[in-house]
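Coordinate inspection notes
Below are the chains, spelled out letter by letter.
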Amino acid sequence: MHENTEFRREASNISWRTAMPGTSRYSVVAAGIGFFHITEITSGKVRGFRQRYQDAWELARYLER
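Computed from a predicted structure; not experimentally measured.

**Some thoughts on the pattern of salt bridges**
- Within the structure shown, the criterion is met by 3 salt bridges.
- With a shortest N-O distance of 3.6 Å, Arg-25 and Glu-40 are connected by a salt bridge. In this pair, Arg-25 is assigned in the loop between helix H1 (3-11) and strand E1 (26-32) and Glu-40 in strand E2 (residues 35-40), connecting sequence segments 15 residues apart.
- Relative accessible area serves as the criterion here: at 39%, Arg-25 is assigned to the partly exposed category.
- Accessibility expressed as a relative area gives 11% for Glu-40, which makes it buried.
- When the shortest N-O distance is used, the salt bridge between Arg-52 and Asp-55 registers 3.3 Å.
- You can call Arg-52 partly exposed: its relative accessible area is 49%.
- The network of salt bridges with shared partners includes Arg-25, Glu-40 and Arg-47.

Structure representation (structure tokens):
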């Protein structure tokens, strides 16, 4: 497993993370070299992945709807 993935998974276990009204539910997280995960902020679950940051950002915006 790539070392960046371990750091991302550790951060998802923080219990105080909650979605505030008016904020996004998804974030784009670098998961390796040229690879990005779209992660749900409240649960830390990966909802999608893309190889380009722009494509990952567009998917996160699409999931917000």
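**Considerations on the sheet that holds E1**
- With respect to topology, 3 strands assemble into an open sheet ordered E1-E2-E3, the strand pairing being antiparallel. The open sheet terminates on both sides in strands that have one partner only, identified here as E1 and strand E3 (46-50). Sheet twist, expressed as the average angle between the axes of neighbouring strands with direction ignored, equals 30°.
- By the bridge criterion, 6 bridges tie E1 to E2 in an arrangement that is antiparallel. Within the sheet, the bridge partner assigned to Gly-32 lies in E2 and is Phe-35.

Cut-offs and rules
- Residues numbered from 1 in each chain as written.
- Predicted model: local features only at pLDDT ≥ 70, side-chain atom pairs only at ≥ 80, totals over all residues.
- Heavy atoms only, no water.
- Salt bridge = Lys/Arg side-chain N within 4 Å of Asp/Glu carboxyl O.
- Helix = DSSP H or I, 4+ residues; strand = E, 2+ residues; numbered from the N terminus.
- Buried < 20%, exposed > 50% of the residue type's maximum accessible area, 1.4 Å probe, protein only.
- Pairing = 2+ DSSP bridges.
- Axes fitted to C-alpha atoms, helices over the stretch in contact; angles between N-to-C directions.

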